[in-house]
Amino acid sequence: MRQKRSVRYAIGYGILAILLCVLLIWNLNAGSVNLSVEEIVDILAGHNTENTAIIWEIRLPRLLAAAMLGGSLSVSGFLLQTFFANPIAGPFVLGISSGAKMVVALVMIFFLGHGMILGSAALIVAAFAGSMISMGFILLISGQVKKMSLLVISGIMIGYICSAITDLVVTFADDSNIVNLHNWSMGSFSGMNWSNVRTMAVVVFVCLVLTILLSKPMGAYQLGEVYAQNLGVNVRLFRVQLILLSSILSACVTAFAGPISFVGIAVPHLIKSLFRTAKPLVVIPGCFLGGAVFCLFCDVLARTAFAPTELSISSVTAIFGAPIVIWMMLHRSTRKG
């Protein structure tokens with residue numbers, strides 16, 4: 001049995017690795033200028049061609065950002081699902097992404113209105129503050145309601161309120177640069193640069209390592225709070241750690257790419273179905289790879305499906321993610337029945 005599980009895990013990671021490699025090449029190739037695989041390899045190897053700037057300054061930072069942020073959003077969703085013990089929980093559904101978007105938009109509007117530009121770190125801090133505000137409301141509500149369905153509905157309502165505030169502020173802004181925030185508020189990986197990539201890489205790497213270190217108590221927590229306490233897990237501290245890591249990861253995504261829907265719900269479910277386990281030490285790296293694959297696929301479609309018009313990434317992720325969530329709920333309902 002253990003050998004079968006190991007083979008299954010190896011096959012699952014192999015599939016994700018192959019898909020990731022294919023999508024990396026596809027993303028580097030796709031665009032107004034088509035490049036051959038040989039030319040892409042030459043450019044990455046350091047040979048200068050007329051298309052070197054396209055790869056190094058535009059496409060490569062964008063695909064790395066899409067991969068890291070997609071993986072972060074998926075891991076954030078898995079942490080929230082573990083925290084609330086519900087597969088429907090996710091940064092977008094619970095309004096956490098919308099809260100982050102609201103605070104980032106308000107901060108950017110204030111600073112741009114005074115002729116100042118915020119750095120990457122400041123955007124992440126603002127997004128984290130917004131995430132924690134939404135999470136605070138969710139936790140307050142969770143103490144009052146017992147049904148998870150009511151909690152999810154409350155999160156959706158919080159998300160709508162935050163999005164409405166953001167849209168109102170952006171709509172009535174006077175500065176043309178501020179009005180352009182509308183594109184960011186719809187979700188997009190465009191405009192990424194190496195400074196953004198370096199900042200998000202540090203944040204994502206630290207959070208991912210800390211998340212993996214929590215794998216053992218997370219596995220115990222999945223079996224119930226009482227079981228975790230009997231194994232010596234400080235449940236209160238552990239829950240705080242889950243909230244902080246999930247909020248930082250989702251805040252990093254929102255700060256750079258805006259709110260992105262359904263990745264945090266759909267991908268963890270697909271990964272658990274692929275590996276046939278919810279074991280954190282297996283699922284967390286799988287979620288990161290799966291989120292990267294999912295967002296790279298959606299991003300290349302957003303850029304190329306109706307070129308030269310680019311779709312918002314959140315629209316594309318919703319098209320593919322929402323059916324997965326619907327199927328998941330129907331599958332759970334049928335299994336319970």
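Read on for an overview of the structure. (Residues numbered from 1 in each chain as written. Predicted model: local features only at pLDDT ≥ 70, side-chain atom pairs only at ≥ 80, totals over all residues. Heavy atoms only, no water.)

### Considering the side chain of serine 314
In step 1: Within the element layout of this structure, serine 314 appears in helix H15 (residues 313–336).
In step 2: For serine 314, a relative accessible area of 11% translates into the label buried.
In step 3: Once residues within four sequence positions are removed from consideration, serine 314 is found in contact with Met186, Gly187, Pro259, Ile260 and Ser261. (Helix = DSSP H or I, 4+ residues; strand = E, 2+ residues; numbered from the N terminus. Buried < 20%, exposed > 50% of the residue type's maximum accessible area, 1.4 Å probe, protein only. Contact = heavy atoms within 4.5 Å.)

### Looking at the packing of aromatic side chains
In step 1: A complete count under the given rule lists seven aromatic pairs for this structure.
In step 2: Taking 4.8 Å as the distance between ring centres and 50 degrees as the angle between the ring planes, the aromatic pair formed by tyrosine 13 and phenylalanine 275 counts as tilted. Here tyrosine 13 is found in helix H1 (residues 2–29), whereas its partner phenylalanine 275 is found in helix H13 (residues 263–275), with 262 residues between them in sequence.
In step 3: Note on tyrosine 13: relative accessible area 24%, which makes it partly exposed.
In step 4: In this structure phenylalanine 275 comes out as buried when scored by relative accessible area, which is 0%.
In step 5: Pairing phenylalanine 297 with phenylalanine 320 gives two aromatic rings, centres 5.3 Å apart and planes at 70 degrees, and the pair type is edge-to-face. Placement of phenylalanine 297 in helix H14 (residues 280–304) and of phenylalanine 320 in helix H15 is noted, with a sequence separation of 23 residues between them.
In step 6: By relative accessible area, phenylalanine 320 is classed as partly exposed at 32%. (Phe/Tyr/Trp six-rings, centres within 6.5 Å; stacked < 30°, edge-to-face > 60°.)

### Re the environment of valine 75
In step 1: Here valine 75 is to be found in helix H3 (residues 52–84).
In step 2: The class for valine 75 is buried, based on a relative accessible area of 1%.
In step 3: With 171 residues separating them in the primary sequence, valine 75 and serine 246 have C-alpha atoms 7.6 Å apart.
In step 4: Discounting chain neighbours no more than four positions away, the residues touching valine 75 are Leu208, Thr211, Leu249, Ile284, Cys287 and Phe288.

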